[in-house]
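A look at the structure
This is what each chain is made of:
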Amino acid sequence: MKCLGIESTAHTFGCGIVGNNCKVYANEKEIFKPETGGILPREAADHHYLLAKEVVKKALERAECEIEDIDVIAFSQGPGIGNCLKVGATTARALALLNNISILGVNHCVGHIEIGLAKTKAKDPVIVYASGANTQIMAFENGKYRIFGETIDIGIGNLLDSFGRELGIGFPAGPTLDNWYFENNNYIELPYTVKGSDLAFSGLLTAAKNKLNDKNNSKKDISYSLLHNAFAMLTEVTERVLAHTEKKEVLLIGGVAASKALRKMLTEMCEDRNAKLFVPETQFCTDNAAMIAWLGIVMHKAGNKMKLKDTQILPNQRADEIIVNWKIR
Ligand code: FE2
């Protein structure tokens, strides 16, 4: 069985082809990178429309299969930027209708989780989803991926990218900031905002930007301190959720999972708690379409079906709205 998945929630337009046991035949993508500022929805959508056909074609070539070999088409239904989501939904509907293939809209966050579980040995982890727009700490309880804590303003990746833009380093800013983190830096006092199990990053961002105006502060010291606080906040909440749920595993997913600094902090916390940290390889952490195709397979096998009228985009859909009927526990 093969599923063709389409991802288009934000800056990435991807097409993945995945089979049984999460065998990935193709995981193609094109990323919209604005020259200045953040993502403008219309520009990102135009980028996706222009490249959609090429990316799908490349994925089929890479997988060495024809569209007739595909059993299900899956696409990211939400959450995401409306304009961008529409491109994926339209592409998926066209492919499904023209070729008489069943279609499934799937949740982007759950896609990250399921490919993370399939590609690591994690069984029942606390899930840390750290990406541009999303920062959530989740765990599977009573038939759903429950959100125990989350950002109440911006995502942790947006924090890094916004600060990176202020410094004039390219997008994504994470890799450069992460390299600087391990240089010999001094800590500068910055806000640390944990509210129960929720997090807030915008005050930290504003304070760090203000520190840049003082010539006595080095930009590397400020960057180090910003990363240190953001990752410590996330680690603190993860530890709290581990204690609350009594789970012994942590699964780190999302683009910020590539950060060595975050992995180091979470690893140390896990070691102290006799828990284990799992991180899938980076191509399955960042936004990708293989995860959408894999979730398509998992949901299709559990008997989930959609009519065309059910395939409208859901820009605000949350992971905890999805009934996880493929997992009996
Ligand atoms: Fe994502």
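Residues numbered from 1 in each chain as written. Predicted model: local features only at pLDDT ≥ 70, side-chain atom pairs only at ≥ 80, totals over all residues. Heavy atoms only, no water.

**Concerning the sheet that holds strand E6 (residues 126-130)**
- Reading across from one edge, E8-E7-E6-E11-E12 is the order of the five strands in this open sheet, with mixed pairing throughout. Both outer strands of the open sheet, strand E8 (144-150) and strand E12 (276-278), are each paired with one neighbouring strand and no more. Along the sheet, successive strands turn relative to each other by an average axial angle of 25°, direction set aside.
- Note: strand E11 (residues 249-253) against E12, three bridges, orientation parallel. Paired with Leu-251 across the two strands is Phe-278, which belongs to E12. (Pairing = 2+ DSSP bridges. Helix = DSSP H or I, 4+ residues; strand = E, 2+ residues; numbered from the N terminus. Axes fitted to C-alpha atoms, helices over the stretch in contact; angles between N-to-C directions.)

**Here we look at unusual backbone geometry**
- For the bond from Gly-78 to Pro-79, the omega torsion is -5°, close enough to zero to count as cis.
- Here Pro-79 lies in the loop between strand E4 (72-78) and helix H2 (82-99).
- With an omega of -5°, the peptide bond between Phe-171 and Pro-172 qualifies as cis.
- Non-glycine residue Cys-22 carries a positive phi angle of around 55°.
- Note on placement: Cys-22 falls in the loop between strand E2 (12-19) and strand E3 (23-31).
- Backbone geometry at Asn-274 places phi at a positive 60°, although glycine is not the residue there.
- As for its placement among the helices and strands, Asn-274 is situated in the loop between helix H8 (260-272) and E12.

**Quick notes on the domain arrangement of the protein chain**
- The domain architecture assigned to the protein chain consists of domain 1 (2-112 + 284-321) and domain 2 (124-280).
- Across the contact, 15 residues belong to domain 1 and 17 residues belong to domain 2.
- Linking domain 1 with domain 2 are one salt bridge, by the criterion used here.
- With its nearest N and O atoms 2.9 Å apart, the salt bridge here joins Glu-150 to Arg-318.
- Our enumeration of links across domain 1 and domain 2 arrives at five residue pairs in polar contact (both at pLDDT 80 or more). (Domains from an automatic or database assignment. Contact = heavy atoms within 4.5 Å. Salt bridge = Lys/Arg side-chain N within 4 Å of Asp/Glu carboxyl O. Polar contact = N/O pair within 3.5 Å; in protein donor to acceptor, adjacent residues only side chain to side chain.)

**Regarding the coordination of the iron ion**
- The iron ion binds to the protein through His-108 (NE2), His-112 (NE2), Tyr-129 (OH) and Asp-287 (OD); the donor distances cover 2.1 to 2.4 Å.
- Considering all four donor atoms around the iron ion, angles at the metal cover 88 to 177° and the coordination shape is irregular.
- The motif formed by the donor residues of the iron ion, counted along the single chain, is H-x3-H-x16-Y-x157-D. Of this pair, His-112 sits in helix H3 (residues 108-119) while Asp-287 sits in the loop between helix H9 (282-285) and helix H10 (290-301), and the two are 175 residues apart along the sequence. (Donors = N, O, S within 2.8 Å, 3.2 Å for Na, K, Ca; no water. Tetrahedral: all angles 85-135°; square planar, octahedral: opposite > 155°, others 65-115°.)

**A short note on helix H7 (residues 219-245)**
- When the terminal C-alpha atoms of H7 are compared, their 39 Å separation across 27 residues agrees well with the 39 Å that a helix rising 1.5 Å per residue should span.
- Counting buried residues along H7, 19 of its 27 residues qualify, which places the element largely inside the surrounding structure.
- Trailing H7 by a residue or two, Glu-246 shows a phi angle of about 60°, which is positive. (Expected span 1.5 Å × (residues − 1). Buried < 20%, exposed > 50% of the residue type's maximum accessible area, 1.4 Å probe, protein only.)

**Here's the deal with the nonpolar core**
- In this structure, Ile-156, Leu-159, Leu-177, Leu-226 and Phe-231 are the most contacted members of the largest nonpolar core, which totals 47 residues.
- Sorting the residues of this core by element identifies E6, helix H4 (156-167), helix H5 (174-181), helix H6 (202-212), H7, E11 and H8 as the ones contributing at least two each.
- Discounting chain neighbours no more than four positions away, the residues touching Phe-231 are Ile-156, Leu-160, Asp-178, Val-256, Ser-259, Ala-261, Leu-262 and Met-265.
- By size, the runner-up hydrophobic cluster in this structure holds 36 residues, among which are Cys-109, Val-110, Ala-122 and Ile-322. (Core = buried A, V, L, I, M, F, W, Y, C linked by side-chain atoms within 4.5 Å.)

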